[in-house]
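A structural walkthrough
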Amino acid sequence: MGSNSTRSKFRWLYLGSIGFLLFSFLTLFLLFFQSRKVREERKLASSLILSLEGILNDIHLYEAGVRGYMLTKDEDLKENTYELIDDLKKKKEGIQEALLQDSITANYINSFDALVAKRLGLLNSIEDSLNYSSIRSKSLILEGDDIMDELRTRLSALENILEEKLEKKEVLYQNYESFILIFIPIFFIMALLFNILEFINSKKLHEKVQKTGASNLLQKQYYHFLFTSDPNPILIFTPDFKLSDCNPATEAFFKTIKEDLINQRLKDFSLMVKGTNTNVAELNMKEKVEDLEVVIEFEEDQKILLFDLVPKQLEEEEIQGYYVSLIDVTKRTELEKELNLTEKIGYTHSMARSLAHEVRNPLTNIQLANSELQEIVAEKDHDLVNIIDRNSDRIAQLISNLLSSSATIEQKFEPINLNEIAENIQKDLKDRLALEEVKLVLELSQENPVTKATEILETNILNIVVNAIEAKDKQGAKIHLRTKVNELKKLAIIEVEDNGIGMSEDTKNRIFDPMFTKKADGNGLGLTTVQTSIRNFGGMIKVKSTLGKGTLFRVELPLYVKET
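Keep in mind that this is a model prediction, so the values were computed, not measured.

Along its length, the chain carries 13 helices and 13 strands. Across the 564 residues that make up the chain, the buried fraction comes to 35%. In the chain, once contacts between residues fewer than 6 apart in sequence are set aside, the share between residues at least 24 apart is 65%. By element, 55% of the accessible surface of the chain is carried by carbon and sulfur atoms, the whole surface being about 34600 Å².

Printed below as a string of structure tokens:
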């Protein structure tokens with residue numbers, strides 16, 4: 001608003017300055033025009049009076065010529081009179097050309113012209129009488145003298161009228177001239193003042209524009225710095241959700257260059273709303289979106305992101321584009337899961353110790369009593385005693401399993417090659433795989449996927465493969481057993497992927513919980529034990545599953561590199 005107000009003032013000062021200058025030049029032009037008009041009118045009046053006086057003089061000469069011709073009968077005098085007549089005609093025409101556009105003046109000229117014509121007519125009559133001394137001629141001469149007197153009177157009156165008229169105009173011009181000469185300096189001073197104010201304001205405006213430009217430049221540089229240095233991906237989309245720009249963090253996150261990302265649509269980024277099969281591009285994006293949890297799948301892992309979207313819109317105008325930021329919360333989520341898992345394991349361990357304390361003592365008494373019963377009961381009742389004995393042993397084993405699933409045991413680790421584990425599992429399960437009609441495909445790393453663990457690791461992976469076999473739901477069941485090495489993260493990886501029944505989101509979130517199972521004969525401790533073992537080896541187990549499509553278990557262990 002301030003900038004527009006300054007520009008408006010500057011505009012009005014500029015226009016005011018030009019207006020005063022134009023008005024000054026216009027008044028000077030009018031003064032010059034009026035002065036010229038007055039001079040021309042005076043010149044015209046003088047010419048008119050001279051012409052009328054010349055006509056009177058020609059009439060005198062004509063009258064003298066007529067008298068001389070009538071007395072002497074000299075033909076030369078007669079010729080001279082004809083020449084005077086021609087001169088009179090020319091002067092009369094000159095009078096008509098010099099006639100002022102004024103009714104009073106015109107009436108005087110017209111009456112003067114009539115008297116001249118009458119006087120010439122009388123002279124012609126005298127000339128025609130051929131007797132200058134006759135009574136009729138004398139009468140005509142006297143009448144002609146009266147007309148000449150009238151002409152002189154009228155000429156004198158006309159001269160006075162013209163002089164009075166010119167004097168009025170000259171007085172008016174002098175007043176106008178005085179007014180102009182007084183105000184023109186004022187107009188010039190005002191124009192100069194406006195020009196000075198215009199210069200001052202333009203200078204201030206220029207300085208303000210320079211400061212604003214510098215401020216805007218600094219602001220742009222600051223925002224550009226934030227945009228380029230932000231560690232989180234920032235993506236800018238057009239109104240139809242085509243990528244128009246992104247920051248370096250985006251290139252690093254998607255492991256590609258900006259040129260390959262430009263013009264890709266939002267749906268091409270495969271950002272799925274967490275816990276659903278919905279692509280974020282399918283949501284209503286006309287309003288601001290904040291902290292939407294989304295999942296994106298990469299070749300080796302899955303990223304959990306917070307999705308923020310802000311429409312670029314000025315007041316009531318149409319949306320010009322969208323700003324999208326992605327915050328990687330995978331590690332935070334994993335830490336939260338780790339914390340929850342630790343709490344669960346702690347709770348399980350506490351529960352196991354309590355059960356062991358509460359159950360083992362009475363269980364021991366039952367087992368001792370049962371051994372005594374075996375010696376005193378009849379042969380026919382030994383089956384009942386054996387049932388008690390077997391179930392007592394099963395309860396004792398369940399307690400031992402529960403304790404081992406939650407306890408962190410100090411063990412001696414040794415280097416173990418994951419390729420060897422995969423090959424051993426294939427051999428151990430050969431018969432079962434054939435019986436279940438399941439194909440096990442080994443995809444072994446050509447690098448050296450070695451970690452430090454115990455022999456229990458092989459049992460853990462074997463249990464996962466067995467679960468995959470049991471998850472088959474169709475002909476052509478296939479299990480992929482892969483080993484990998486991630487040099488960047490220093491990980492030795494083994495994956496078990498099947499094309500079985502898959503798991504729901506709820507099952508996937510609870511699969512490692514103690515006592516949770518979907519099997520009719522399961523105890524819910526198998527995967528809990530596997531997870532505890534993997535954690536003891538310093539590793540991590542992850543699971544990805546889609547209901548009806550299959551499941552992938554991924555075990556990540558610290559990569560062992562032999563010291564040289």
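Here we have six strands laid out as an open sheet, ordered 2-1-6-5-4-3, and antiparallel in their pairing. Sheet topology places strand 2 (243-246) and strand 3 (272-273) at the edges, where each strand pairs with a single neighbour.

The terminal C-alpha atoms of helix 11 (residues 456-470), which comprises 15 residues, lie 21 Å apart, in line with the 21 Å expected from a rise of 1.5 Å per residue. Residues of helix 11 that are buried include every one of Leu457, Asn460, Ile461, Ile464, Val465, Val466, Ala468 and Ile469, and no others.

What follows is about the pattern of salt bridges. Under the criterion given, the structure shown has 16 salt bridges. Ionic pairing is found between Lys288 and Glu290, a salt bridge with its closest N-O pair at 3.1 Å. Residue classification places Lys288 among the exposed residues on the basis of a relative accessible area of 53%. Judged by its relative accessible area of 52%, Glu290 falls in the exposed class. Across the pair Lys542 and Glu556 runs a salt bridge whose closest N-O atoms are separated by 3.6 Å. Of this pair, Lys542 sits in strand 12 (residues 540-546) while Glu556 is found in strand 13 (residues 550-558), placing the two residues 14 residues apart along the sequence. For Lys542, a relative accessible area of 24% translates into the label partly exposed.

On to the packing of helix 11 against helix 13 (residues 526-536). Remark: helix 11 packs on helix 13, axes separated minimally by 10 Å, with the N-to-C direction vectors making an angle of 145°. The handedness of the crossing between helix 11 and helix 13 is left-handed. Residue-level contacts link Ile456, Leu457, Asn460, Asn463, Ile464 and Asn467 of helix 11 to Leu527, Val530, Ser533 and Ile534 of helix 13. Among the residues forming the contact of helix 11 with helix 13, the class breakdown is six nonpolar, four polar and no charged.

About the thresholds
Residues numbered from 1 in each chain as written. Predicted model: local features only at pLDDT ≥ 70, side-chain atom pairs only at ≥ 80, totals over all residues. Heavy atoms only, no water. Helix = DSSP H or I, 4+ residues; strand = E, 2+ residues; numbered from the N terminus. Buried < 20%, exposed > 50% of the residue type's maximum accessible area, 1.4 Å probe, protein only. Contact = heavy atoms within 4.5 Å. Areas by Shrake-Rupley, 256 points an atom, 1.4 Å probe, with all protein chains shown as cover. Pairing = 2+ DSSP bridges. Expected span 1.5 Å × (residues − 1). Salt bridge = Lys/Arg side-chain N within 4 Å of Asp/Glu carboxyl O. Axes fitted to C-alpha atoms, helices over the stretch in contact; angles between N-to-C directions. Left-handed = near helix turned anticlockwise from the far one by under 90°. Nonpolar A, V, L, I, M, F, W, Y, C, P; charged D, E, K, R; others polar.

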